[in-house]
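In case you want the letters, here they are:
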Amino acid sequence: MATFCTSTPGSLADPARRHILLVGAPGAGKSTVGKLVATATGRTFLDFDAEIVRREGMSIPDIFGMHGEAYFRERERELTAETLVLGNMVLAPGGGWVENAHEFDAMRARSHLIFLRASAPTLMSRLGASAGDRPLLRRPNAMGELERILERRQPMYDAADLVIDTDRL
């Protein structure tokens, strides 16, 4: 069985059971909710960004800066391929992961897809000063960029089995 840095010791990644896949924008609560759901259900939790940071030995902004977005997306694809042969996990891929159509479709078929929805103002408030650490939000108008990102990703979010509004959480 694969062991990731965010795995719960002793949990079983049973290929016969579907994953719980949490998607949403940065700040929607994927990592926080994912840990809670994994603990409550006895599943392995995997935060894709944390695992990529662990494997690469550098932060996401450093990965983007040194290697570019395409390199980072390839790391996401590799991690997706690893988890596709497993099951029964709670997965929290990074916000941009949903735009990898092949991986999204493949994982969607093996998962219960849950969209953690939050408005752009709520997301920006939660990200606070760390919004500048998000490579895709390093723009003069970060709020406008976040709104464009949400709009572009909406078709993938619309595929969710369940939508949970996290604005008030």
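Residues numbered from 1 in each chain as written. Predicted model: local features only at pLDDT ≥ 70, side-chain atom pairs only at ≥ 80, totals over all residues. Heavy atoms only, no water.

A positive phi is found at Asn 88, a non-glycine position, where the angle reads about 65 degrees. With respect to the helices and strands, the residue Asn 88 is situated in the loop between helix H4 (69–84) and strand S3 (89–92). By relative accessible area, which is 7% here, Asn 88 ends up buried. (Helix = DSSP H or I, 4+ residues; strand = E, 2+ residues; numbered from the N terminus. Buried < 20%, exposed > 50% of the residue type's maximum accessible area, 1.4 Å probe, protein only.)

Here we come to the nonpolar core. Within the largest apolar cluster, 44 residues are counted, with the highest numbers of intra-cluster contacts made by Val 23 and Trp 97. A per-element tally of this core places helix H7 (residues 142–157) first, with 6 residues. Excluding its chain neighbours within four sequence positions, the residues that come into contact with Val 23 are Lys 30, Trp 97, Val 98, Leu 113, Ile 114, Phe 115, Leu 116 and Tyr 157. (Core = buried A, V, L, I, M, F, W, Y, C linked by side-chain atoms within 4.5 Å. Contact = heavy atoms within 4.5 Å.)

Let us now look at the packing of H4 against helix H5 (residues 101–108). Where H4 contacts H5, the two axes come as close as 10 Å, and the packing angle between them is 15 degrees. As summarised for this structure, H4 and H5 are arranged roughly parallel, according to the angle between their axes. Taken as a pair, H4 and H5 cross one another with a handedness that is left-handed. Only Glu 103, Ala 106 and Met 107 of H5 make contact with H4, whose side of the interface consists of Arg 77, Thr 80, Thr 83 and Leu 84. (Axes fitted to C-alpha atoms, helices over the stretch in contact; angles between N-to-C directions. Parallel < 35°, antiparallel > 145°, perpendicular 65-115°, else oblique. Left-handed = near helix turned anticlockwise from the far one by under 90°.)

Now for the packing of aromatic side chains. On inspection of all chains with the given rule, the structure shows 4 aromatic pairs. Geometrically, the ring pair formed by Phe 48 and Trp 97 is edge-to-face, given 6.3 Å between the ring centres and 75 degrees between the ring planes. Linking Phe 48 in helix H2 (residues 48–56) with Trp 97 in the loop between S3 and H5, this pair joins segments that are 49 residues apart in sequence. Each member of the pair Phe 48 and Trp 97 is classed as buried. Ring geometry for Phe 64 against Phe 72: centres 5.2 Å apart, planes inclined by 40 degrees, an arrangement best described as tilted. Phe 64 sits in the buried class, given a relative accessible area of 16%. These aromatic residues form a ring-pair network of at least three members: Phe 48, Trp 97 and Phe 104. (Phe/Tyr/Trp six-rings, centres within 6.5 Å; stacked < 30°, edge-to-face > 60°.)

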